[in-house]
Amino acid sequence: MAGYNRVVMVGNLTRDPEYKQLASGQAVCRLGLASNRQFKNRQTGAMQQEVCYVDIDVWGPQAETCRQYLSKGRPVLVEGRLKFDTWQDPQGGTRSKHSIAADRVVFLSSPAAEGAFEGAGMGAEDGMDSAIAAPSYTTQNTQEFAKIEQAIAAKKQVVKKVVPAKEKDGVGLPEFKDEPPFEDELPF
């Protein structure tokens, strides 16, 4: 029987990334992730909080990106597979733990975005979750977006010409003139 091993976790980094370059030239970055779960205790009615700590191994070019842009406290989404590690401790005992071999790491917010919301009077106390905070926009970004929207609106004005209907198998079908695709004038 075939197995299926897939893990998706969202949480905050518990420490700065630990980056290593192996003798083979392969890059690896180890992250520590804490994921919170809040629930109501049915017996007491009090809210309880449970934290799950997991180590994550990121390989290749993505490891270098994680080393460069991530730091302690940063929220991330990790997608990968669960693996079971075993090793011998210095006293000779066998130790083991589960960790995640990441296929994908998504950075959920940036320090600049968090600062922008705090400066605007919107923070965690106002119910704004920093993990879904929108990036701060500058005047230059707004102008770029306006140019893009104008180009898209101009493209929507393009109308394909319809050639008179031809009969095929006794049914009148419209024929569309086949034209090459229009060239994008978008700045990206």
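Quantities reported herein were computed from a predicted structural model and do not represent experimental measurements.

Draft legend 1. Quick peek at the nonpolar core. Counting residues in hydrophobic clusters, the biggest one holds 18 residues, and the most contacted among them are Leu 31, Ile 56 and Val 58. Only β1 (7-13), β3 (27-40), β4 (47-59), α1 (61-69), β5 (75-88) and β6 (94-107) provide two or more residues apiece to this core. No other element matches β3, which puts four residues into this core. In contact with Ile 56, other than residues within four places in its own chain, are Cys 29, Arg 30, Leu 31, Leu 33, Val 78, Ile 100 and Ala 102.

Draft legend 2. The arrangement of the packing of aromatic side chains in detail. Here the structure, examined in full by the defined rule, presents one aromatic pair. Taking the centre distance of 6.5 Å and the plane angle of 50° together, the rings of Tyr 69 and Phe 107 count as tilted. Taken as a pair, Tyr 69 in helix α1 and Phe 107 in strand β6 lie far apart in primary sequence, 38 residues in all. Above the face of the Tyr 19 ring, Arg 67 is positioned so that its terminal group lies 4.2 Å from the ring centre.

Draft legend 3. Up close: the confidence of the model for the protein. On average, residues of the protein score 75 in pLDDT, and 60% of them reach the 70 mark or higher. Between residues 116-139, whose pLDDT stays under 50, and residues either more than four places distant or in other chains, the model counts 19 contacts. The low-confidence segment residues 159-163 (pLDDT under 50) makes seven contacts with residues lying over four places distant or belonging to another chain.

Draft legend 4. Spatial organisation of the environment of Ala 102. Structurally, Ala 102 can be placed in strand β6. A relative accessible area of 11% places Ala 102 in the buried class. In sequence terms Ala 102 and Leu 82 are 20 residues apart; their C-alpha atoms lie 8.7 Å from each other. Ignoring any residue separated from it by four or fewer positions in sequence, one finds Ala 102 in contact with Ile 56, Asp 57, Val 58, Val 78, Glu 79 and Gly 80.

Conventions used here
- Residues numbered from 1 in each chain as written.
- Predicted model: local features only at pLDDT ≥ 70, side-chain atom pairs only at ≥ 80, totals over all residues.
- Heavy atoms only, no water.
- Core = buried A, V, L, I, M, F, W, Y, C linked by side-chain atoms within 4.5 Å.
- Buried < 20%, exposed > 50% of the residue type's maximum accessible area, 1.4 Å probe, protein only.
- Helix = DSSP H or I, 4+ residues; strand = E, 2+ residues; numbered from the N terminus.
- Contact = heavy atoms within 4.5 Å.
- Phe/Tyr/Trp six-rings, centres within 6.5 Å; stacked < 30°, edge-to-face > 60°.
- Lys NZ or Arg CZ within 6 Å of the ring centre and 35° of its normal.
- pLDDT = per-residue confidence, 0-100.

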